[in-house]
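Working through the structure, step by step
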Amino acid sequence: MGLAGHRLVHGGRAVQAPAVVDDDLLAAVRAYQDLAPLHVPPALALVEAARRVLPGVPHVLCPDTAFHAGLPREAATYALPAEWRRRWGLRRYGFHGLSYARAVRRASELLGRPAAQAHLVLTHLGGGASVCAVRDGRSVDTSMGFTPLEGVPMSKRSGSVDPGMLLWLLSGSRLSLGELREGLEHRSGLLGLSDGLSGDTRELVASGSDAAELALGVFALRVSREIAAAATSLDRLDALVFTGEIGWDQPEVRDAVCRRLALLGIEPPVRGNLDADGFVSPPGARVPVLVIETREELEVAREALAALRIR
Ligand SMILES: Nc1ncnc2c1ncn2[C@@H]1O[C@H](COP(=O)(O)OP(=O)(O)O)[C@@H](O)[C@H]1O
Ligand SMILES: CC(=O)OP(=O)(O)O
Ligand SMILES: [Mg+2]
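Quantities reported herein were computed from a predicted structural model and do not represent experimental measurements.

**Describing the site of ligand 2**
Around ligand 2, the surrounding shell consists of Val9, Asp64, Phe95, His96, Gly126, Gly127, Gly128 and Pro148. Tallied by class, the residues present in the shell around ligand 2 amount to three nonpolar, four polar and one charged.

Structure below.
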């Protein structure tokens, strides 16, 4: 028997754990697609096509949000009118959960400590970027919220910006809703910071221009700030974990982030890129720094199999 596993970035309230697809579930997911417009519509189109090509196998949706489903309420709640929160289900969900679930398991193997006892800060830096605090193996805070637009700057997405500025841009006839969305989702982040040069840190590091330096500087500041903030949810820091495409292949970014975190006992890495998951911190470092390759597809396979075994 076969099965097909699918990454679903936003499960909303419809899919809080890996679940086998049927028509009702897909209809429920469709209600959430505009909360992750870059991710969910193409994923749903793929699920529909895969169901037509492989009608005889179960299709399992594995949500990014599942890893954060148990966020403490202080971490999940926005300081907004309670009536709005109730009416529209406004809350912080968190994303990159498949990446974090696997990275926590790999980090605990490398640290020789059970995942259920691990206190970690992890950062997934790639097309999308986020930070997550893990306490006793569970997500207790994360930088992305209701949508994958909150938090640190990303390749082309803005991350958090002053909500008052967004209101100002929308008022009068400065920007339309469509223009604002397009700018925040496609022309911001590293690309916007570097004045359109690139959303890819490899090109920014190679460029060495003033605009590239500004982009990398803002990125390192925002990521290290979010890491320090995440650490306030932990009693101790067993390790800092870099993952995501940039986390994996950009030693200059890891170095710039770690240099800002001396107060947390983190030292600059002594190793560059690795061939396999491992340590980049010096031997005996007070806080080990780990680099773990993103393999979301392996986590999807694992979670999809587990979902079927339970049934
Ligand atoms: N150092 C980097 N290495 C790899 N990808 C990078 C790097 N810096 C930025 N990126 C961007 O991150 C994305 C990684 O690819 P992909 O995995 O498809 O994106 P996503 O994280 O959105 O799933 C690409 O858009 C790429 O341009
Ligand atoms: C949730 C998210 O932003 O995912 P990605 O980094 O794959 O775009
Ligand atoms: Mg990705």
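**Description of the environment of Asp255**
With respect to the secondary-structure elements, Asp255 resides in helix α12 (residues 251-259). Residue classification places Asp255 among the partly exposed positions, given that 15 C-beta atoms sit within 10 Å. With near-sequence residues (within four places) excluded, Asp255 lies in contact with Pro268 and Pro269.

**Let's talk about the confidence of the model for the protein chain**
Per-residue confidence for the protein chain gives a mean pLDDT of 97, with 99% of residues at or over 70. This prediction of the complex comes with two scores: 0.97 for pTM and 0.97 for ipTM.

**Comments concerning the sheet that holds strand β7 (residues 239-243)**
In space, the six strands of this open sheet follow the order β6-β5-β4-β7-β9-β8, with mixed pairing throughout. Edge positions in the sheet fall to β6 (138-142) and β8 (278-279), since each has one partner strand and no second. In this sheet, β6 lies alongside strand β5 (residues 129-135) in antiparallel orientation, the contact comprising four bridges. Residue pairing across strands places Ala133 opposite Asp141, the latter belonging to β6.

**Some thoughts on the nonpolar core**
Ranked by size, the top nonpolar core spans 67 residues in total, and within it Ala107, Leu120, Val121, Ile227 and Val241 carry the most contacts. Looking at this core, the element that brings in the most residues is helix α10 (residues 210-231), giving eight residues. Structurally, this core is a two-domain feature, drawing no fewer than three residues from each of domain 1 (4-94 + 297-310) and domain 2 (112-296). Aside from chain neighbours lying at most four places away, what touches Leu120 is Val104, Ala107, Val134, Asp238, Ala239 and Val241.

**Re the sheet that holds strand β1 (residues 4-8)**
Strand order in the open sheet made by the three strands is β1-β3-β2, with mixed pairing throughout. In this open sheet, the two strands that pair with only one neighbour each are β1 and β2 (19-20). The sheet contact formed by β2 and strand β3 (residues 59-63) spans two bridges and is antiparallel. If you follow Val20 over to β3, its bridge partner there is Val60.

**Observations concerning the site of ligand 1**
Gly126, Gly127, Gly128, Ser155, Gly199, Asp200, Thr201, Arg202, Glu245, Ile246, Asp249 and Gln250 make up every residue found near ligand 1. Among the elements of the structure, α9 (201-207) and α11 (244-249) are those that each provide at least two residues to the shell around ligand 1. With three residues, the single largest contributor to the shell around ligand 1 is α11. The residue makeup of the shell around ligand 1, split by class, is one nonpolar, seven polar and four charged.

**Topic: the domain arrangement of the protein chain**
In terms of domain boundaries, the protein chain breaks down into domain 1 (4-94 + 297-310) and domain 2 (112-296). Between domain 1 and domain 2, the contact holds 21 residues from the first and 13 residues from the second. The biggest single contributor to the side of domain 1 that touches domain 2 is helix α13 (residues 296-310), with four residues. Of the residues that constitute the side of domain 1 that touches domain 2, the class distribution is 12 nonpolar, four polar and five charged.

**Re the UniProt feature "binding site: ATP" (unreviewed entry) in the protein chain**
Following the UniProt record, one finds the feature "binding site: ATP" (unreviewed entry) at His124, Leu125, Gly126, Gly127, Gly128, Asp200, Thr201 and Arg202. By the secondary structure assignment, Leu125 is in strand β4 (residues 119-125). C-beta crowding within 10 Å serves as the criterion here: with 28 such atoms nearby, Leu125 is assigned to the buried category. When neighbours within four sequence positions are excluded, Leu125 is seen to be in contact with Val223, Phe242, Gly244, Ile246, Gly247 and Val253.

Cut-offs used in this document
Residues numbered from 1 in each chain as written. Chains lettered and ligands numbered in written order. Predicted model: local features only at pLDDT ≥ 70, side-chain atom pairs only at ≥ 80, totals over all residues. Near = placed C-beta within 6 Å. Nonpolar A, V, L, I, M, F, W, Y, C, P; charged D, E, K, R; others polar. Helix = DSSP H or I, 4+ residues; strand = E, 2+ residues; numbered from the N terminus. Buried ≥ 20, exposed ≤ 12 C-beta atoms within 10 Å, placed from the backbone. Contact = placed C-beta atoms within 7 Å. pLDDT = per-residue confidence, 0-100. Pairing = 2+ DSSP bridges. Core = buried A, V, L, I, M, F, W, Y, C linked by C-beta atoms within 7 Å. Domains from an automatic or database assignment. UniProt positions renumbered as here; feature names shortened; annotations may be inferred.

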